[in-house]
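Fold and geometry: a report
So you can see what is in the structure, the chains are spelled out below.
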Amino acid sequence: MSSSSRMLAAAVLAVLFMGAMCEAPVTFTVEKGSDEKNLALSIKYNKEGDSMAEVELKEHGSNEWLALKKNGDGVWEIKSDKPLKGPFNFRFVSEKGMRNVFDDVVPAEFKVGTTYKPEE
């Protein structure tokens, strides 16, 4: 490998490392109206100049991602005909293209008013 190739590889790794280190913190607060068939979340994404564009939820034991809808109050919601199975995984895309997946963030026995933070 030439020295310029090594230099390029090192630069790419440094950018990837800095991106991981600067990851914006996200919190999920369970809102009123949440129950076994409905989940309403205030999602705080602390990245200046960026916001959530899409949020999806995956139930425990499922391979399917389900889209949440943002209501007029800025709360992300999902409504189901059957009970939702936690703990819940979330993935998002921000307006600026940031993508991330958080596993087992909101537990099956969530409490309204509680804020959950992904493990880092």
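This report concerns the structure included in the present document.

What about the nonpolar core?
- Membership of the largest hydrophobic core comes to 22 residues, with the highest contact counts inside it found for Phe-28, Leu-39, Leu-41, Phe-90 and Val-106.
- Of all the elements in the fold, those that place two or more residues in this core are β1 (26-30), β2 (38-45), β3 (52-58), β6 (76-79), β7 (88-94) and β8 (99-106).
- Residue contributions to this core peak at four residues, all from β2.
- Each residue touching Phe-90, except ones within four places of it in the same chain, is listed here: Phe-28, Leu-39, Leu-41, Val-55, Glu-56, Leu-57, Trp-65, Asn-100, Val-101, Phe-102, Val-105 and Val-106.

A closer look at the sheet that holds strand β5 (residues 69-70)
- If you walk across this open sheet you meet the five strands as β5-β6-β2-β1-β9, and the pairing is antiparallel. Each edge of the open sheet carries a strand with a single partner, namely β5 and β9 (115-116).
- One ladder, built from two bridges, connects β1 with β9; its direction is antiparallel. Paired with Phe-28 across the bridge in β9 is Tyr-116.

Remarks on the environment of Leu-39
- Take Leu-39: it is sitting in strand β2.
- Residue classification places Leu-39 among the buried residues on the basis of a relative accessible area of 2%.
- Considering only alpha carbons, one finds Leu-39 and Leu-84, 45 residues apart in sequence, at a separation of 8.4 Å.
- Excluding residues within four positions of it along the chain, Leu-39 makes contact with Val-30, Ser-34, Leu-57, Trp-76, Glu-77, Ile-78, Leu-84, Phe-88, Phe-90 and Phe-110.

What counts, and where the lines are drawn
- Residues numbered from 1 in each chain as written.
- Predicted model: local features only at pLDDT ≥ 70, side-chain atom pairs only at ≥ 80, totals over all residues.
- Heavy atoms only, no water.
- Core = buried A, V, L, I, M, F, W, Y, C linked by side-chain atoms within 4.5 Å.
- Buried < 20%, exposed > 50% of the residue type's maximum accessible area, 1.4 Å probe, protein only.
- Helix = DSSP H or I, 4+ residues; strand = E, 2+ residues; numbered from the N terminus.
- Contact = heavy atoms within 4.5 Å.
- Pairing = 2+ DSSP bridges.

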